[in-house]
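Breakdown of the fold
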Amino acid sequence: MSLYTLNRRKIMLTAISSAGASLTLPASISLAQTATTSVPGAPDQNAGYYRFRVGEDISATVLSDGLIGGPPQVYASTAPEAELEEVLTHAFLPTDRLTLNLNTLLIEVNGRRILLEAGAGQTMGPQGGAIFANLAAIGLTPGDIDIVVVSHTHPDHVGNLRAADGGSAFPNATVFAPRADWDFFVNNDPDLSYMPVSADFRRNFSAAIKRSVEPIAGEIELYDAGDEIVPGLTTISAVGHTPGMANFLVHSGVDQLLLTADLAYHPVVNIDQPWLPGPDRDKETALRSRMRIFDMAAAERMLVLGFHYPFPGLGRMLRTDAGYAWVPANWQF
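The rules behind the values
- Residues numbered from 1 in each chain as written.
- Predicted model: local features only at pLDDT ≥ 70, side-chain atom pairs only at ≥ 80, totals over all residues.
- Heavy atoms only, no water.
- Buried < 20%, exposed > 50% of the residue type's maximum accessible area, 1.4 Å probe, protein only.
- Helix = DSSP H or I, 4+ residues; strand = E, 2+ residues; numbered from the N terminus.
- Arc of directions from axis to C-beta.
- Pairing = 2+ DSSP bridges.
- Axes fitted to C-alpha atoms, helices over the stretch in contact; angles between N-to-C directions.
- 1 Å grid on protein atoms, 1.4 Å probe; cavity = no way out; pocket = protein on both sides within 12 Å on 5 of 7 lines; lining within 4 Å.
- Points joined across faces, edges and corners; volume = space filled by probe spheres on them.
- Nonpolar A, V, L, I, M, F, W, Y, C, P; charged D, E, K, R; others polar.

Let's shift gears to helix H3 (residues 81-90). When H3 is considered as a whole, its buried residues turn out to be Leu 84, Val 87 and Leu 88. Buried residues in H3, looked at end-on, bunch into an arc of 95°, giving them a common side. Once H3 finishes, Phe 92 follows within two positions and takes phi at roughly 60°, a positive value.

What follows is the structure, given as C-alpha cells:
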C-alpha cells in the first residue's frame, strides 16, 4: 500500500471520527438550490446558482461564472510529480489538467445587493463569463448590483468588470479593491516573474488586469484588509498570494461565512494535501496566511466558500493530525 493511500486513509478516518455534527449545517444557516438553466437556450445545462442564508438578515447566492484551469503542477507547485499524479488519480481527476470553478457570491444586506468577486469573463479562457446568465436566471440584471468587492485584482476576479462595449459591466455599482493590489498591478508595471507560466501568459495576464479595471479606475474605492465594507461584511488580511489579497467574512448575529479567495485552488491539492499554489507571489507569507485562516475556520467551525472549489464551493475546514481536510457541505434543496 502506498504512502499516499495510508496518509489519505488516516486523514479521512480522522475527519469522519472528528466531524460529527459539523457535517450538518446549523439550523440558522439554511441552504436551498433551485434547479434552473445556467445558460439561456441550453436546457441540458445544470444549475449555475445556489441560494442560502447567513443568519436571519443576509440572503446569499453563489453565482457561477464558469470554469478555468491549467496544468495541475501550476496549482500544486511543491508536489512530487508521481505523487501528484497518484493523488489526482485517486480523486478521479484528470492528471493533465485541473479544472477550477469561479464561484462568485451575491449577498443582500440592508437592501443593498453586493457581489463578492466579479469573476473572470473571457480573460482566462472561453468557459468564463456565465455570471450574467446566472444573474438573469434569478431575475436580476448587472444594473441591479449596488457594490462589487474583489479580494484581489487577478483577471479571474476582475475580468467581468469590463463590458463588451468597453464600459462598466455593472453600471450602478461602486467597486472596491485592495489598495496594495491596486498599487502593484494597476498603478505600476508588475513583475510577474514569480508565476510558473510562460512569458506570453504573464504579459497577457498583466494586460488583462489593466484592461478589465479601466472602465471603473476613475471611481475605484480602495480598501485595506481589516476594513468593514458595510455592516455584515468585513475584510480579513490574507496577503501572500498577492500584496493585498483579502478574505471576506459575512456575518449576521452568531452566524458567519468565510470566503477564502485564492488561499487554495482545489481542496484535493491545497487542503487535503499541503502543496503550495505556484501563483503565490510570496509563498512563505501566503502559507502563514493560509494556516492562520484555515485554523480559524476549523476552530470556529465556520461555513467556508472557496472561490475555485467544485460548485457551489461550500463546506468546512477540518483540522487533522496530518493538516487539514475539506468537508463539503450537505446539498440542501
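So, about the sheet that holds strand E9 (residues 228-230). Pairing within the open sheet is mixed, and its seven strands lie in the order E9-E10-E11-E12-E13-E14-E15. The open sheet has two edge strands with one neighbour each: E9 and strand E15 (323-328). Recorded for the sheet is a direction-independent mean angle of 35° between the axes of neighbouring strands. Sheet topology note: the strand E10 (residues 233-237)/strand E11 (residues 246-252) ladder contains five bridges and is antiparallel. Residue pairing for E11: Ile 236 is matched across the bridge by Asn 247.

So, on to the layout of surface pockets. Empty pockets left among the atoms are what a rolling probe the size of a water molecule brings to light. Space inside the largest pocket adds up to approximately 400 Å³. Taken together, 25 residues line the largest pocket, and the ones lying closest to its centre are Tyr 75, Met 124, Val 197, Phe 201 and Phe 205. Within the residue set of the lining of the largest pocket, elements represented by two or more residues are strand E3 (58-70), helix H2 (72-75), helix H5 (155-158) and helix H7 (199-213). A per-class count over the lining of the largest pocket returns 15 nonpolar, seven polar and three charged.

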